[in-house]
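# Structural features, examined
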Amino acid sequence: MGFSMVWVIDLLIHLVYKAAGLRPHTVAVDDDTTVHCWISSSLLPPSSAFRSKKKKAKPPLLLIHGFGPRGTWQWSRQIWPLAARFDLVVPDLLFFGGSTTRSPIRSEAFQAAAIARLLDVLGFGPPHRARVSVAGTSYGGFVAYHVARALGPDWVERVVIASSDLLKGPADDRALLERAGGARSIDELLLPRTTADLRWLARLAVYRPPRFVPEFILRDMLRNLFSDNLEEKLELIKGITIANKDEFHLTPLPQQVLIIWGEHDQIFPVAKAIELQKRLGEKARLQVLHNTGHLPQIEDANRFNKLLFSFLSASAAEK
């Protein structure tokens, strides 16, 4: 197979997660569905040799990734600072990483149901532990919204939606394809098959993408980040109900909501963030990060993390 930069980055990121006190864990949430996640060692089963013996529980926080690189990569800049203040749960969504299901359902609501069952198995929610806060980026924001709406304020305390257009429709998809240089379909854009496709995706997702990336690095990324479960991921894109107004209607959440958006997001333009804040009502507030695109948690991790801490810490101060 030869040298792989992706494997090296994977190793380094796993070391960061472990140094922050997280461990990989796999949970069968039902007979058909298995969810793999990284969780704070204090959340591991008592029988685990890696379970932390610390006595004081931290506020729990769920981090939900989007399409693209692995979920561990997408939250890599948050894990170390967040782990000092929160008990973390970082799941792989179904058909990403080690999570899978035999169910034919492919909607983001089904993803949310699997995550809700994961939280239940881990012992969250009344009367076991404190309520969990939820943060989701891009497609993960769709899932986070469904988790918060389905479980309600008794389970979910605060919600962070980053770079996630919960109002998107067919017109938004057509505009995105035009910005993508005439890509034929959304799945062709989000599931790149060639290095040229991957370069286009990087230009759209990142405000200041690297000026030069060698072809062998891009081929490595395609092979090791974008080639697994392609058929199922295509079904996930087609199964998104957010864009189907017959199946989904956005309603305000009962929880406090922080919306974080990149000023130069070309996947979901910032105008959609302003509209989303209005639709989510008085409990939602918007923070736009300047000089960032679709990945503000990576492009400006310091400011992103400060916003997270401020928003989530306000919850603890109210108690």
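Bear in mind that the values here come from a model prediction, so they are computed numbers and not experimental data.

Before going further, it helps to spend a moment on the packing of aromatic side chains. Think of a pair of aromatic rings as described by two things: how far the centres are apart, and how the planes are tilted against each other in angle. By the definition in use, this model includes 7 aromatic pairs. Ring centres of Tyr145 and Phe248 lie 5.8 Å apart, and the angle between their planes is 75°; this geometry places the pair in the edge-to-face category. Residue Tyr145 is located in helix 5 (residues 139-151), and its partner Phe248 is located in the loop between helix 10 (230-238) and strand 8 (256-262); the two are separated by 103 residues in the primary sequence. Note on accessibility: Tyr145 and Phe248 belong to one class, buried. Through a chain of ring-to-ring contacts, three or more aromatic side chains come together here, namely Phe67, Phe96, Tyr139, Phe142 and Phe268.

Once that is clear, we can look at unusual backbone geometry. Even without a glycine there, the phi angle at Phe95 is positive, about 75°. Among the structural elements, Phe95 can be located in the loop between strand 4 (87-91) and strand 5 (100-101). In this model, Ser138 sits at a positive phi of 55°, which is unusual for a non-glycine residue. Structurally, Ser138 is set in the loop between strand 6 (132-137) and helix 5.

Bringing the nonpolar core into the picture now. In terms of nonpolar packing, the biggest core is built from 101 residues, with Leu22, Ile79, Val156 and Leu280 touching the most fellow members. Looking at this core element by element, the count peaks at 8 residues for helix 5. Beyond its immediate stretch of four places on either side in the chain, Val156 contacts Arg131, Val132, Val134, Val147, Ala148, Leu151 and Gln255.

Conventions adopted
- Residues numbered from 1 in each chain as written.
- Predicted model: local features only at pLDDT ≥ 70, side-chain atom pairs only at ≥ 80, totals over all residues.
- Heavy atoms only, no water.
- Phe/Tyr/Trp six-rings, centres within 6.5 Å; stacked < 30°, edge-to-face > 60°.
- Helix = DSSP H or I, 4+ residues; strand = E, 2+ residues; numbered from the N terminus.
- Buried < 20%, exposed > 50% of the residue type's maximum accessible area, 1.4 Å probe, protein only.
- Core = buried A, V, L, I, M, F, W, Y, C linked by side-chain atoms within 4.5 Å.
- Contact = heavy atoms within 4.5 Å.

Interpretation note: all reported values are geometric properties and have no functional meaning in isolation.
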